[in-house]
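Read off the chains here:
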Amino acid sequence: GKGTSLGDRLLRWYLNRHAAKMFEGAAHAGMPGLASYDPPRADDSSIARAANALARAERPLLVIGSQALLLAREATALADAVTRLNVPVYLSGMARGLLGPAHPLQMRHARRNALREADCVLLAGVPCDFRLDYGKHVRRSATLIAANRSAADARLNRRPTIAAIGDAGLTLMAIAERAGDPAGRADWIATLRARDHAREREIDAQAAAPAEHVNPIAFFRALDRAAGSASVFVADGGDFVATASYILRPRGPLGWLDPGAFGTLGVGAGFALGAKLVRPRDEVWLVWGDGASGYGLVEFDTFARHGVPVIAVVGNDASWSQIAREQV
């Protein structure tokens, strides 16, 4: 039976009070409204200086990262702004797909060489971290423009010539509105395009090479041909995904999801579930490494129970290849 001592009664009072506070309002549950949000914007002075620097440059270059797509509804406007700037661009992270699969300004290969040759580099939502060799990929004499929400990330490891602190996507759009005549870059764009074509020929040769089991390069060439025009690629893995990243061509803005710079494996099944629920008519391809698949393979039970059809491929080479490659 229930204890009747003072201690027992106090304990029951405390537990009941605690439970009542935890579930207060449960009988009147409702959907919360969206909070209003005013994104940070770079000041006019930095926008003007950046626009002038790009206009004067003979070999300008854009590198756009995930942060520039935080305002997802502005993706189309951002893509239009990049086109108006007429500056060759490399896309990384969730910015992959921003310009579609075959935009004439988008470069996919030899980024390091391009950064070393460019006389003006605009990093949009991209810090100078290990992916840019802590800023060393950009030559010292180049004008470096950092468009970033974080002042610390804009100045990480290397101080930029111009820091535009605010939303990176909005900054690019504001720069495009001020940009002058973008003519005179045909030779620079053609040089980078020729390198891309040469690298694609190398990849074709690697895809044709015989392999003991499945040649992953040939596989991704085939997947790229098979995927629909409205596909979403969810990439979760190390070595297998690293290969996918330079072969698969995301079909449009917000068409690529991956674990991010810190390699937080295991996000793939959740990302695929969310992507298919938000875009039910699109194909969702889940590209898994064999190690990463172990974190979320059980979610196929979720997909089946809730009628969420996704297509998953697992690159199974029975090892942590990205680790083994470095050790060997």
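Residues numbered from 1 in each chain as written. Predicted model: local features only at pLDDT ≥ 70, side-chain atom pairs only at ≥ 80, totals over all residues. Heavy atoms only, no water.

## Observations regarding the overall build of the protein chain
For the record, the criterion: The helix and strand labels rest on DSSP assignments: H or I over at least four residues marks a helix, E over at least two residues marks a strand, and numbering proceeds from the N terminus. Buried means the residue's accessible area, taken with a 1.4 Å probe over protein chains only, is under 20% of the maximum for its type, while exposed means over 50%, and partly exposed covers the values in between. Just so you know, the count uses Lys and Arg for positive and Asp and Glu for negative, and it drops His and the chain ends. In this description, the location of a charge corresponds to atom NZ of lysine, CZ of arginine, CG of aspartate or CD of glutamate.
Each helix and strand counted, the protein chain has 13 helices and nine strands in total. Viewed in the frame of its principal axes, the protein chain has a C-alpha envelope of about 90 × 60 × 40 Å. Among the 328 residues that make up the protein chain, the fraction classed as buried is 43%. Treating the 39 positive side-chain charges of the protein chain as one cloud and the 33 negative ones as another, the clouds have centres 4 Å apart.

## Side note on the sheet that holds strand 6 (residues 232-236)
Put simply, the rule reads: Here, strands pair whenever DSSP counts at least two bridges between them.
The strand order 7-6-8-9 describes an open sheet built from four strands, whose pairing is parallel. This sheet does not close on itself; its edge strands, each paired only once, are strand 7 (256-257) and strand 9 (311-315). Looking at chain direction, strand 6 and strand 7 are connected through two bridges and run parallel. Bridge pairing in strand 7 links Val 234 to Leu 257.

## Topic: the packing of aromatic side chains
For the record, the criterion: Here is the rule: rings of Phe, Tyr and Trp (six-membered ring for Trp) pair when centre to centre is within 6.5 Å. Planes less than 30 degrees apart are stacked, more than 60 are edge-to-face, and the remainder are tilted.
Using the criterion set out here, one finds five aromatic pairs in the structure. Seen from their ring centres, Phe 220 and Phe 240 are 4.6 Å apart, and the 45° between their planes marks the pair as tilted. With a gap of 20 residues between them, Phe 220 in helix 8 (residues 216-226) and Phe 240 in helix 9 (residues 239-245) connect regions that are remote in the sequence. Like Phe 220, the residue Phe 240 is buried in the burial classification. For the pair Trp 288 and Phe 300, a centre-to-centre distance of 6.3 Å together with 50° between the ring planes defines the contact as tilted.

## Some details on the side chain of Arg 158
Here is the rule: Any pair of N or O atoms that falls within 3.5 Å is considered a polar contact. Within protein, one atom must be able to donate a hydrogen and the other to accept it, and sequence-neighbouring residues count only if both atoms are side-chain atoms. Only heavy atoms matter for contacts: two residues are in contact if any of them lie within 4.5 Å across the pair.
Relative to the helices and strands, Arg 158 resides in the loop between helix 5 (151-154) and strand 5 (162-165). Within polar-contact distance, the side chain of Arg 158 engages the backbone oxygen of Val 138 at 2.4 Å. Not counting residues within four places of it along the chain, the set of residues in contact with Arg 158 comprises Cys 128, Gly 135, Val 138, Arg 139, Arg 140, Ala 142 and Leu 144.

## Topic: the environment of Ser 66
Turning to its location among the elements, Ser 66 is positioned in the loop between strand 1 (60-64) and helix 3 (75-85). Its relative accessible area of 28% is what places Ser 66 among the partly exposed residues. With 68 residues separating them along the chain, Ser 66 and Tyr 134 place their C-alpha atoms 18 Å apart. The contacts of Ser 66, once residues within four sequence positions are left out, are Ser 92, Gly 93, Met 94 and Ala 95.

## A look at helix 8
Definition in use: This arc corresponds to the set of directions leading from the helix axis out to the C-beta atoms.
Listed in full, the buried residues belonging to helix 8 are Ile 217, Phe 220, Arg 221, Leu 223 and Asp 224. For helix 8, the angular spread of buried residues about the axis comes to 165°, placing them on one side. Residues of helix 8 that are buried sit in contact with helix 7 (186-208), strand 6, helix 9, strand 8 (284-289) and strand 9. Its side-chain oxygen placed 2.9 Å from the backbone nitrogen of Ile 217, Asn 215 serves as the N-cap of helix 8.

## Digging into the sheet that holds strand 5
For the record, the criterion: Axis geometry follows a simple rule: fit a line to the C-alpha atoms, using only the stretch in contact for helices, then measure angles between N-to-C directions, giving values from 0 to 180 degrees.
Taken together, five strands build an open sheet; the order of strands is 2-1-3-4-5 and the sheet is parallel. Edge positions in the sheet fall to strand 2 (89-91) and strand 5, since each of these pairs with one other strand and no more. Averaged over all pairs of adjacent strands, the angle between strand axes in this sheet comes to 15°, irrespective of strand direction. In this structure, strand 3 (residues 120-124) lies alongside strand 4 (residues 143-148), joined through five bridges in parallel fashion. Each residue of the ladder has a partner; that of Leu 123, found in strand 4, is Ala 146.

## Topic: the packing of helix 7 against helix 8
Keep this limit in mind: Just so you know how the angles are binned, under 35 degrees is roughly parallel, over 145 roughly antiparallel, 65 to 115 roughly perpendicular, and the rest oblique. A crossing counts as left-handed when the near helix is turned anticlockwise from the far one by less than a right angle, and as right-handed when that turn is clockwise. Gly is placed with the polar residues, together with every amino acid not listed as nonpolar (Ala, Val, Leu, Ile, Met, Phe, Trp, Tyr, Cys and Pro) or charged (Asp, Glu, Lys and Arg).
The interhelical angle for the contact between helix 7 and helix 8, taken along N-to-C directions, is 115°, at an axis separation of 7 Å. The pairing of helix 7 with helix 8 is recorded here as roughly perpendicular in orientation. Between helix 7 and helix 8 lies a crossing whose hand is left-handed. Within the contact between the two elements, helix 7 uses Glu 200, Ile 203, Asp 204, Gln 206 and Ala 207 and helix 8 uses Ile 217, Ala 218 and Arg 221. Grouping the constituent residues of the contact of helix 7 with helix 8 by class yields four nonpolar, one polar and three charged.

## Here we look at the nonpolar core
Heads up, the rule is: We define a nonpolar core as any set of buried Ala, Val, Leu, Ile, Met, Phe, Trp, Tyr and Cys residues linked to one another through side-chain atoms lying within 4.5 Å.
Counting residues in hydrophobic clusters, the biggest one holds 56 residues, and the most contacted among them are Leu 61, Ile 64, Leu 98 and Leu 122. If we ignore the near neighbours within four places in the chain, the residues touching Leu 61 are Val 87, Pro 88, Tyr 90, Ala 114, Leu 115, Ala 118, Cys 120, Val 121, Leu 122, Trp 188 and Leu 192. The next biggest cluster of nonpolar side chains, apart from the first, holds 17 residues, and it includes Ala 207, Leu 223, Ala 235 and Phe 240.

## Quick look at the side chain of Asp 167
By the secondary structure assignment, Asp 167 is in the loop between strand 5 and helix 6 (168-178). Given a relative accessible area of 2%, Asp 167 falls into the buried group. Engagement of the side chain of Asp 167 in a polar contact is seen with the backbone nitrogen of Gly 169, the distance being 3.1 Å. Only 2.8 Å separates the side chain of Asp 167 from the backbone nitrogen of Leu 170, close enough to count as a polar contact. In this view, Asp 167 contacts Pro 40, Arg 41, Gln 67, Leu 70, Leu 71 and Arg 149; residues no more than four positions away in its chain are not counted.

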